[in-house]
Amino acid sequence: MERRLAAGSEGVLITITKDAYKIVTQLKPPGFRRTLHELRFLKKDLQRLASTLKRETEPVKIAAATESRSGISREQVLTAFAGLLKIDLEQALGSGGGIFGDEGARVKGSARKAKNKALWNPVTLALGLNDVYRVPIPHLKRAFNAHDFLHPWAAEWNQTLALLGK
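1. Section: the overall build of the chain
(1) Moving on: Helix and strand counts for the chain come out as seven helices and four strands.
(2) Moving on: Listing each helix as α and each strand as β along the chain from the N terminus yields α-β-β-β-β-α-α-α-α-α-α.
(3) Moving on: Counting across all 166 residues of the chain, residues that qualify as buried make up 29%.
(4) Moving on: The contacts in the chain between residues at least 6 apart in sequence include a share of 53% that link residues at least 24 apart.
(5) Moving on: With the model as given, the accessible surface of the chain reaches about 11700 Å², and the carbon-plus-sulfur share is 54%.

Below, the structure is given as structure tokens:
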């Protein structure tokens, strides 16, 4: 409905709605008409639509697979993924073992000068979290959609899921 409104409609005919308990209800014909200025939307729905439109307008360029030299910082990793695990993610990042090290999701060479300058590839990290710690893919998808700093990796994330058939 939001797309039709954005296309320039003057008003809407409402035939289906939700009540306070989120139960979908079919209204008796003919429904009721409202002008655009009378409509109200939930803030979270508008934010989701804005981020979707933003991603659709940005051109998606998928290059050949190469070793990434960019990534997200420790704070961003903790913001996006710490709530999905039952382990101490900050300690795991610091130890640099397994999926958290150079042989895993950490960008190779990013921690040479200082450990606090290390970067992690969020797509590789998310796949590792799913594989090793059984974090469900829908939770990881939600993380990629919820954080603006993960949007540059959203196309790579979606392509990887498509290749894996998930």
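Resuming the write-up.
2. Section: a nonpolar patch on the surface
(1) Moving on: A grouping of Ile87, Val132 and Tyr133 is seen on the molecular surface, where their side chains present a nonpolar patch of about 230 Å² in accessible area.
(2) Moving on: Take Tyr133: its relative accessible area is 32%, and that puts it in the partly exposed class.

3. With respect to the pattern of salt bridges
(1) Moving on: As enumerated under the stated definition, the model contains one salt bridge in all.
(2) Moving on: Notably, a salt bridge pairs Arg48 with Asp45, separated by 2.8 Å at the nearest N-O pair. Of the two residues, Arg48 and Asp45 are both situated in helix H2 (residues 43-57); the distance of three residues between them amounts to about one turn of the helix.
(3) Moving on: Note on Asp45: relative accessible area 26%, which makes it partly exposed.

4. Comments concerning the packing of aromatic side chains
(1) Moving on: The final tally for this structure, using the stated rule, is two aromatic pairs.
(2) Moving on: Measuring from centroid to centroid gives 4.6 Å for Phe144 and Trp157, while their planes differ by 5°, and the two rings are stacked. Placement of the pair is Phe144 in helix H6 (residues 137-146) and Trp157 in helix H7 (residues 154-164), with a sequence separation of 13 residues. Pair check on accessibility: Phe144 and Trp157 agree, each one buried.
(3) Moving on: Chaining the aromatic ring pairs together yields one cluster made of Phe81, Phe144 and Trp157.

5. Regarding the packing of helix H5 (residues 122-133) against H7
(1) Moving on: Remark: H5 packs on H7, axes separated minimally by 9 Å, with the N-to-C direction vectors making an angle of 40°. One finds that H5 runs oblique with respect to H7. Of the two elements, H5 crosses H7, and the hand of that crossing is right-handed. Packed against H5, whose contacting residues are Val123, Ala126 and Leu127, the element H7 presents Glu156, Trp157, Thr160 and Leu164 at the interface.
(2) Moving on: Residue classes in the contact of H5 with H7 are distributed as five nonpolar, one polar and one charged.

6. Focus on H6
One turn of the α-helix equals 3.6 residues, which is why residues spaced by three or four share an orientation.
(1) Moving on: Taken together, the buried positions of H6 are occupied by Ile137, Leu140, Ala143 and Phe144. Considered in projection along H6, the buried side chains sweep an arc of 115° and stay on one side of the axis. Away from its buried face, by an angle of more than 90 degrees, H6 presents the exposed residues Arg142 and Ala146.
(2) Moving on: Turning to H6, the residues buried within the fold contact helix H3 (74-81), H5 and H7.

7. Looking at H7
(1) Moving on: Of the residues making up H7, those classed as buried are Ala154, Trp157, Thr160 and Leu161. All buried residues of H7 fall inside an arc of 130° around its axis, so they share one side. Those residues of H7 that are exposed and angled more than 90 degrees off the buried face are Ala162 and Leu163.
(2) Moving on: With its phi angle positive at about 75°, Gly165 sits one or two positions after the end of H7.

8. Considering the environment of Tyr133
(1) Moving on: Turning to its location among the elements, Tyr133 is positioned in helix H5.
(2) Moving on: Along the primary structure Tyr133 and Lys86 are separated by 47 residues, whereas in three dimensions their C-alpha atoms are 8.7 Å apart.

Rules used in this analysis
Residues numbered from 1 in each chain as written. Predicted model: local features only at pLDDT ≥ 70, side-chain atom pairs only at ≥ 80, totals over all residues. Heavy atoms only, no water. Helix = DSSP H or I, 4+ residues; strand = E, 2+ residues; numbered from the N terminus. Buried < 20%, exposed > 50% of the residue type's maximum accessible area, 1.4 Å probe, protein only. Contact = heavy atoms within 4.5 Å. Areas by Shrake-Rupley, 256 points an atom, 1.4 Å probe, with all protein chains shown as cover. Patch = residues over 30% accessible without salt bridge, like charges linked within 9 Å, V, L, I, M, F, W, Y side chains within 5 Å. Salt bridge = Lys/Arg side-chain N within 4 Å of Asp/Glu carboxyl O. Phe/Tyr/Trp six-rings, centres within 6.5 Å; stacked < 30°, edge-to-face > 60°. Axes fitted to C-alpha atoms, helices over the stretch in contact; angles between N-to-C directions. Parallel < 35°, antiparallel > 145°, perpendicular 65-115°, else oblique. Left-handed = near helix turned anticlockwise from the far one by under 90°. Nonpolar A, V, L, I, M, F, W, Y, C, P; charged D, E, K, R; others polar. Arc of directions from axis to C-beta.

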